[in-house]
Amino acid sequence: MTDKNIRLNVEGMSCASCVGRVDKALRQVPGVRDVAVNLASETAEVRFDAPATPQGLAETLRDTGYPARTQKVTFNVEGMSCASCVGRVDKALAAVPGVLEATVNLAAETATVTYLEGAVSVADLQKASADMGYPATVAETSAPETAAARKDAEARVLKRDTIIAAGLALPVFLLEMGSHTIPGMHGLIGSTIGHEASWLLQFALTTAVLAGPGRRFYAKGFPNLFRGAPDMNSLVALGTAAAYLFSVVATFAPSLLPEGTRAVYYEAAAVIVVLILLGRFMEARAKGRTGAAIQKLLGMQAKTARVERNGETVELPIEEIAIGDVLVVRPGERVAVDGEVIDGTSHVDESMITGEPVPVAKAQGDAVTGGTVNGAGGFRFRATRVGGDTTLAQIIRMVEEAQGAKLPIQGLVDRITLWFVPVVMMVALATILAWLAFGPSPALGYALVAGVSVLIIACPCAMGLATPTSIMVGTGRAAEMGVLFRKGDALQELSHVQVVALDKTGTLTEGRPELTDLVPAEGFERAEVLGLVAAVEDRSEHPIAEAIVRAARAERATLPEVETFTSITGYGVQARVGGRDVLVGADRLMQRDGIDTSALSEAESKLARAGRTALFAAIDGKAAALIAVADPVKPASRAAIAALHDLGLKVAMITGDKQETAEAIARETGIDHVVAGVLPDGKVAALDELRADGEKLAFVGDGINDAPALAHADVGIAIGTGTDVAIESADVVLMSGDLRGVVNAVEVSTRTMRNIKQNLFWAFGYNTALIPVAAGVLFPALGVLLSPVLAAGAMALSSVFVLSNALRLRRVRPAMDEREAPRAFPAPHPAPAE
């Protein structure tokens, strides 16, 4: 076996010992013959043969801690028309040494390739695809828009060719089929132009159809057949060529045919081309609509912006904006890039990012997001993220990657369709031989009709379109609803989830404690205690302290001057305020200082049962008040959990709170199961506990401190902050800040997977049921033999049905509309003061 050479660009090498480790790791791979690692160029030249592979070498480097650099490129691929085409292109690209992953999408007519930088070039990949008969060009940065324009242009060409082919084929169809179906037509043709002249006219018109609009099938089908990789075009080319050539022999050399078999099938060849062109025209039109979501997102991008340069304001294309540029936004304009307001005030409509319909006030220091729409005010802002780093660009990139994903269910389809066309050709050959051997006279005519029908009806284009079109439309619709599927397989996995586990703080709740109760002891006034306690807590940065200070300021309480302040770790704080000694903290602080809190103990128990966190305040050595804070539940949480229950899902909560507090929140929101007392690093173990019975589990967190749990769950769902969408650990990102997005994500996943299964059932069922019919299985009993024309119509109809079914996903409505205010729920009854 000939040795292969590969050059890998290696990350992370900084010294000779790094070189040694890389060299040693690569040499230990079975099949590696020689290694030359270069620190200066950060490369590794490897000579190897089987069983070593580029993918294996890359995995070894990654495991060693020095990953090989990779690149990703997306191609627009021409000529793909069925699932077999997808399989051939996928196989050709994956076979190029250095390719790590190839994902081919029939619906988008694209191929996305991840490859080892330095090991293979884009030109090599283009050549591999072109050698299989599918020319590939690198997609431009505006690929979705370009693709839509390309599909429009293709639809126009197909429409023109379909009209031309139909105009030529109609007289052929009327002359041949009319003489069989219309009484007196046969005699009329014989007494006027004559049957020989009729056949000559049909020959001329059919030749024009096949050489003109139908030439595409032969130009692609026969080369693929000769290289041993037949596709849909090959089936059409074989079927129509067989009908045409038999008719030509019958017309010009009838002596070559057995007695009694002279007949022409020009109408079959011509009308098959018309019907398949019509089907492809409808496919092209439908495919153009599957990318509507991306086009809509692209439409949100500003094309130009007013930028301050060299002391004046100039209008520049968005591509020329750099980080640090100062941009001017006038009333009603779209914000060009992400940035921070430096002066001016306004209200900005951020509904396209957050789903919230109320415009958000913006002033100095506030963040603004590219693609959002300014209201009546004007402001200047400094660009902080431009180009591909903006929030909108990240969203578009996520949607594109999700739309190009290959779900696990697609693997079965790919395996079947790779051998489907060759099997169909063998079935067609067997059909012809069976009719020749056992068929009635004229056996050759029956054999031809049955063989051509099998070839035409079995084209697996519907199989190839079944999954990717649903994915494209489903993920695009999800993006419009504020649900971003970062990883394609999450679309399938989410539909199988049985348990949804929620992080509490920031996910189920607002993530900001608020003062809920202040119960003064006998002899103390609320206003006086609140002012003294808030003055002390104003020195602390603890979230609970901030909640107390906010409440005091809201009640306009007077905060005396703090003379001394001491923080007691694990207990609380003590201070001298306005000449009085003040203690604020947990019950253990009171016990330490010998302060009697028995008068407030009953109120403390009731507050704890209500889910509050209780603190004590003591003034001049006496218990003065019981203070309760709570992290309020988000308004939409209760309704969202009820909706998840309606979908048949169990809901669990993971929190670090005490069991009593956690159970109070669970009662308030309707949560089924509580895992309390969990430290931040214990969430992964908590997930394992929840799925001990083997149930599929989704974890919902805020994406900041929940990364390990998001990665460990079967599906990690990150609740976004509107602008922070690049959450690497999550499979699904929700643009909104509450749980309504989880309900919508599950709904879209379930509906999309149902749609895919419908498409696959139709595609496989259609082929399974109609191939035997086309072969003539009903002829002995019913005398029915499927016409090639009807076979072509049914084949085209199956693809159009699959596309139309997928496009229904564009009408999916949010299960919980994030633009509507959440349903109001009564607040939990406050704990009594006494």
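Just so you know, these numbers come straight off a predicted model, no measurement behind them. (Residues numbered from 1 in each chain as written. Predicted model: local features only at pLDDT ≥ 70, side-chain atom pairs only at ≥ 80, totals over all residues. Heavy atoms only, no water.)

## Observations concerning the pattern of salt bridges
Tallied over the entire structure, the rule returns 33 salt bridges. For the salt bridge of R553 with D538, the shortest nitrogen-to-oxygen distance reads 3.5 Å. Linking R553 in helix α20 (residues 543-554) with D538 in the loop between α19 (526-537) and α20, this pair joins segments that are 15 residues apart in sequence. Classification of R553 as exposed rests on a relative accessible area of 53%. Residues joined by salt bridges that share partners form a network here, namely D23, R27 and D34. (Salt bridge = Lys/Arg side-chain N within 4 Å of Asp/Glu carboxyl O. Helix = DSSP H or I, 4+ residues; strand = E, 2+ residues; numbered from the N terminus. Buried < 20%, exposed > 50% of the residue type's maximum accessible area, 1.4 Å probe, protein only.)

## Brief notes about the environment of G701
With respect to the helices, strands and loops of the structure, G701 is situated in strand β26 (residues 697-701). The exposure class assigned to G701 is buried, which follows from its relative accessible area of 0%. Counting along the chain gives 29 residues from G701 to A730, while the straight-line C-alpha distance between them is 9.0 Å. With residues near it in sequence (within four places) discarded, G701 still touches D503, T507, D706, L710, I717, A718 and I719. (Contact = heavy atoms within 4.5 Å.)

## Some thoughts on the layout of surface pockets
Here the second largest pocket is characterised by a volume of approximately 1300 Å³. H542, I544, T613, V629 and D657 are the residues nearest the centre of the second largest pocket, which is lined by 49 residues in total. When residues of the lining of the second largest pocket are assigned to domains, at least three map to each of domain 5 (392-511 + 633-828) and domain 6 (514-630). (1 Å grid on protein atoms, 1.4 Å probe; cavity = no way out; pocket = protein on both sides within 12 Å on 5 of 7 lines; lining within 4 Å. Points joined across faces, edges and corners; volume = space filled by probe spheres on them. Domains from an automatic or database assignment.)

## Concerning helix α2 (residues 54-64)
Inspection of α2 places P54, L57, A58, T60 and L61 among the buried residues, and these make up the whole buried set. One side of α2 carries all its buried residues, which in axial view fall inside an arc of 160 degrees. What points out from α2, more than 90 degrees from its buried face, is the exposed set R62 and D63. Looking at the residues trailing α2, positive phi occurs at G65, about 100 degrees. (Arc of directions from axis to C-beta.)

## Quick notes on the UniProt feature "transmembrane region" (unreviewed entry) in the protein chain
As recorded in UniProt, the sites labelled "transmembrane region" (unreviewed entry) are residues 163-185, 197-214, 235-257, 263-281, 416-438, 444-467, 760-779 and 785-807. Between the C-alpha atoms that bound residues 263-281 there is a distance of 32 Å. The span itself is 84% helix and 0% strand. As annotated, residues 760-779 has a helix share of 85% and a strand share of 0%, and its two end C-alpha atoms lie 28 Å apart. (UniProt positions renumbered as here; feature names shortened; annotations may be inferred.)

## Quick notes on empty space enclosed by the protein
Following the criterion strictly, the structure yields 2 cavities of 30 Å³ or more and no others. Of the volumes computed, that of the second largest cavity is approximately 30 Å³. If you go around the second largest cavity, the residues you meet are M232, I276, G279, R280, E283, C461, M795, A796 and S799. Among the secondary structure elements, those contributing two or more residues to the lining of the second largest cavity are α10 (266-290) and α29 (788-807). No other element matches the 4 residues that α10 contributes to the lining of the second largest cavity. Across the lining of the second largest cavity, the residue classes tally to 5 nonpolar, 2 polar and 2 charged. (Nonpolar A, V, L, I, M, F, W, Y, C, P; charged D, E, K, R; others polar.)

## What to know about the packing of helix α15 (residues 443-457) against α29
Their axes nearest at 8 Å, the elements α15 and α29 cross at an angle of 5 degrees. Considering the angle they form, α15 stands roughly parallel to α29. Facing V449, V452, S453, I456 and I457 of α15, the residues of α29 in contact are P788, A791, A792, A794 and M795. Within the contact of α15 with α29, the residues separate by chemical class into 9 nonpolar, 1 polar and no charged. (Axes fitted to C-alpha atoms, helices over the stretch in contact; angles between N-to-C directions. Parallel < 35°, antiparallel > 145°, perpendicular 65-115°, else oblique.)

## Overview of unusual backbone geometry
The omega torsion of the bond from A50 to P51 falls at 10 degrees, within 30 degrees of zero and hence cis. When you line up the elements, P51 lands in the loop between β3 (43-48) and α2. Along the chain, S441 connects to P442 via a cis peptide bond; the corresponding omega equals -5 degrees. With respect to the helices and strands, the residue P442 is situated in the loop between α14 (408-438) and α15. Phi at R556 is positive, roughly 55 degrees, even though this residue is not glycine.

## Brief notes about the packing of aromatic side chains
Enumeration according to the criterion identifies 12 aromatic pairs in this entry. With a centroid separation of 5.0 Å and 80 degrees between ring planes, the pair formed by F203 and F252 is classed as edge-to-face. Residue F203 is located in helix α7 (residues 195-211), and its partner F252 is located in helix α9 (residues 232-252); the two are separated by 49 residues in the primary sequence. You can call F203 partly exposed: its relative accessible area is 23%. Classification of F252 as partly exposed rests on a relative accessible area of 45%. Clustering of aromatic rings is evident, with ring pairs tying together F203, Y244, F252 and Y266. Looking at R592, its charged tip hangs above the ring of Y571, at a distance of 5.7 Å from the centre. (Phe/Tyr/Trp six-rings, centres within 6.5 Å; stacked < 30°, edge-to-face > 60°. Lys NZ or Arg CZ within 6 Å of the ring centre and 35° of its normal.)

## Details of a nonpolar patch on the surface
A surface patch of nonpolar side chains, amounting to about 340 Å² of accessible area, comprises V777, L778, L782 and V784. Looking at the element boundaries, L778 is found in the loop between α27 (740-775) and α28 (779-782). Accessibility expressed as a relative area gives 32% for L778, which makes it partly exposed. (Patch = residues over 30% accessible without salt bridge, like charges linked within 9 Å, V, L, I, M, F, W, Y side chains within 5 Å. Areas by Shrake-Rupley, 256 points an atom, 1.4 Å probe, with all protein chains shown as cover.)

## Side note on the packing of helix α16 (residues 461-480) against α27
At a minimum axis separation of 9 Å, α16 and α27 run at an interaxial angle of 165 degrees. For the element pair α16 / α27, the angle class is roughly antiparallel. The chirality of how α16 crosses α27 is right-handed. Touching A462, M463, A466, T467, T469, S470, I471, G474 and A478 of α16 are V748, T752, N755, I756, N759, L760, A763, F764 and N767, all from α27. Residues belonging to the contact of α16 with α27 are distributed by class as follows: 10 nonpolar, 8 polar and no charged. (Left-handed = near helix turned anticlockwise from the far one by under 90°.)

## A word on the sheet that holds strand β4 (residues 70-77)
Read from one edge to the other, the open sheet built from 4 strands follows the order β5-β6-β4-β7, with strand pairing classed as antiparallel. Two strands in the sheet have a free side with no partner beyond their single neighbour: β5 (99-105) and β7 (136-138). When the angles between neighbouring strand axes are averaged without regard to direction, this sheet yields 25 degrees. Bridge analysis of β4 against strand β6 (residues 110-116) gives 7 bridges, and the strand direction is antiparallel. Pairing of N76 across the sheet is with T110, part of β6. Contacts from helix α4 (residues 122-131) reach β4, β5, β6 and β7 within the one sheet, and its direction differs from that of β4 by about 35 degrees. (Pairing = 2+ DSSP bridges.)

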